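# Architecture at a glance
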Amino acid sequence: MPQMNATVDPEEVSRFEALGAQWWDVKGKMAPLHAMNPARLAFLRDTLVRHFSRDARALRPLKGLSLLDIGCGGGLLSEPLSRMGADVTGIDPAPGNVDIARAHAAQSGLTVTYEAETAEALAERGARFDVVVALEVVEHVADVGLFVRTAGRLVADGGVLALSTLNRTPKSFALAIVGAEYVLRWLAPGTHRWEKFVTPEELEATLASAGFAAREKVGLAYEPFSGDFRLTEDLSVNYFMVAEREV
């Protein structure tokens, strides 16, 4: 198991590693992430196509781009990004998650590089990527500032850093914790801690201290009647932030 460091919370790692094969059960404990994925992937695709001046109509619009998925879990995001043509590396501090991700990618006939590794260790080795993504990870790390600075070190010149997390608002407490964990039972109680949620203002300031400027901010909202998620201007619960290195 990779050595733990200042950004990795061992309790959080153990919680997600215990999911095992449930990562790919669309009706299991990871059902919310499966439901989020269409909107998440559409947002990432459109953002990266614009940034790198790619053809949005291409079958593999991200072909040739190196992409790092921090906190990849079982590979729910890594695999579809690989299908879009990106050269994907997924890292996770939990070896069990990486084993699940590798096995599923092999079954799917996809080439994705998975490593049981931390972002800090990868940065120390001098790794750089055109795109670094960390979705639904920020609220689980032990030190947000250090995590963002480390993720920024992994972004190549001209690249982008894409993050998503939960805002610290009364609405997010009601929906993401009370609703998702105790009423709908989508997630195990204790999956999220409201005090670890990060406001957009806090995240933008943290990015600025790491030398990055936020270029895009968009929210993600749940539609109870359809069971789907959609992009929205409302950042009060889930939101994305995409940043570039300031020059």
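Here the residue index of a chain counts from 1 through its sequence in written order. At least 70 in pLDDT is required for a residue's local features to be given in this predicted model, at least 80 for side-chain atom pairs to be given and counted, and no such filter applies to totals for whole chains, interfaces and linings, which use all residues. Processing note: side-chain calculations cover all non-hydrogen atoms of the structure and skip hydrogens and water entirely.

The line we're drawing: UniProt positions are given in the numbering used here, feature names are shortened, and annotations may be inferred rather than shown by experiment.
By the naming in an unreviewed UniProt entry, the chain is Ubiquinone biosynthesis O-methyltransferase, taken from Xanthobacter aminoxidans. Listed in UniProt under the heading Sequence similarities (unreviewed entry), the comment for the chain reads: "Belongs to the methyltransferase superfamily. UbiG/COQ3 family." The UniProt entry for the chain carries the following comment under Pathway (unreviewed entry): "Cofactor biosynthesis; ubiquinone biosynthesis."

## Let's talk about the overall build of the chain
Counted only if it meets this: Secondary structure counts use DSSP, requiring at least four H or I residues in a row for a helix and at least two E residues in a row for a strand, with both numbered from the N terminus. Partly exposed residues are those whose accessible area sits between 20% and 50% of the maximum for their type, while under 20% is buried and over 50% is exposed, using a 1.4 Å probe and protein chains only. Note on contacts: a residue pair is in contact if any heavy atoms of the two residues lie within 4.5 Å. Here the open area of atoms and residues is found with the Shrake-Rupley method and a 1.4 Å probe, where only the protein chains shown may cover a residue.
Looking only at helices and strands, the chain features eight helices and eight strands. Per-residue burial over the chain gives 54% buried out of 247 residues. At a minimum sequence separation of 6, the contacts of the chain that also span at least 24 residues come to 69%. Total accessible area computed for the chain in this model is approximately 11,000 Å², and 54% of it derives from carbon and sulfur atoms.

## Considering unusual backbone geometry
Look at Ser53: it is not a glycine, yet its phi comes out positive at around 55°. Note that Ser53 resides in the loop between α2 (31–51) and β1 (66–70). Look at Ser53 and you get exposed, because its relative accessible area is 66%. Phi is positive for Glu136, close to 55°, though the residue is something other than glycine. Checked against the element boundaries, Glu136 lands in the loop between β4 (129–135) and α6 (144–153).

## Details of the pattern of salt bridges
Quick reminder of the rule: Salt bridge, as applied in this entry: a Lys or Arg side-chain nitrogen positioned within 4 Å of an Asp or Glu carboxyl oxygen.
Under the defined criterion, the tally for this structure stands at 13 salt bridges. Between Asp55 and Arg57 there is a salt bridge; the shortest N-O distance is 3.3 Å. Its salt-bridge partner being Asp234, residue Lys171 comes within 2.9 Å of it at the nearest N-O pair. You can see Lys171 sitting in helix α7 (residues 170–183) and its partner Asp234 sitting in the loop between β7 (228–232) and β8 (238–245), a full 63 residues away along the chain. Residue Lys171 is classed as partly exposed on the basis of its relative accessible area of 40%. The network of salt bridges with shared partners includes Glu115, Glu117 and Arg125.

## Section: the sheet that holds β7
Using the following cut-off: DSSP calls a pair of strands paired once it identifies at least 2 bridges connecting them. Lines fitted to C-alpha atoms define the axes, with helix axes restricted to the stretch in contact, and inter-axis angles between N-to-C directions lie between 0 and 180 degrees.
Spatially, β3-β2-β1-β4-β5-β8-β6-β7 is the arrangement adopted by the eight strands of the open sheet, whose pairing is mixed. Every interior strand has two partners, whereas the edge strands, β3 (113–115) and β7, have only one. Strand-to-strand twist of the sheet, defined as the mean angle between neighbouring strand axes without regard to direction, takes the value 20°. The sheet contact formed by strand β6 (residues 212–223) and β8 spans eight bridges and is antiparallel. Each bridged residue has a counterpart across the sheet, and for Phe212 the counterpart in β8 is Arg245.

## Some words on the nonpolar core
As a reminder of what qualifies: Definition of nonpolar core: a set of buried residues of the types Ala, Val, Leu, Ile, Met, Phe, Trp, Tyr and Cys, connected through side-chain atoms within 4.5 Å.
Of all hydrophobic cores here, the largest spans 36 residues; its most connected members are Leu67 and Leu81. Considering each element in turn, this core owes the most residues, seven residues, to α2. With near-sequence residues (within four places) excluded, Leu67 lies in contact with Leu48, Leu81, Ala86, Asp87, Val88, Thr89, Phe129, Val131 and Val133. Counting residues in hydrophobic clusters, the runner-up holds 28 residues, among them Ala134, Val141, Leu163 and Tyr239.

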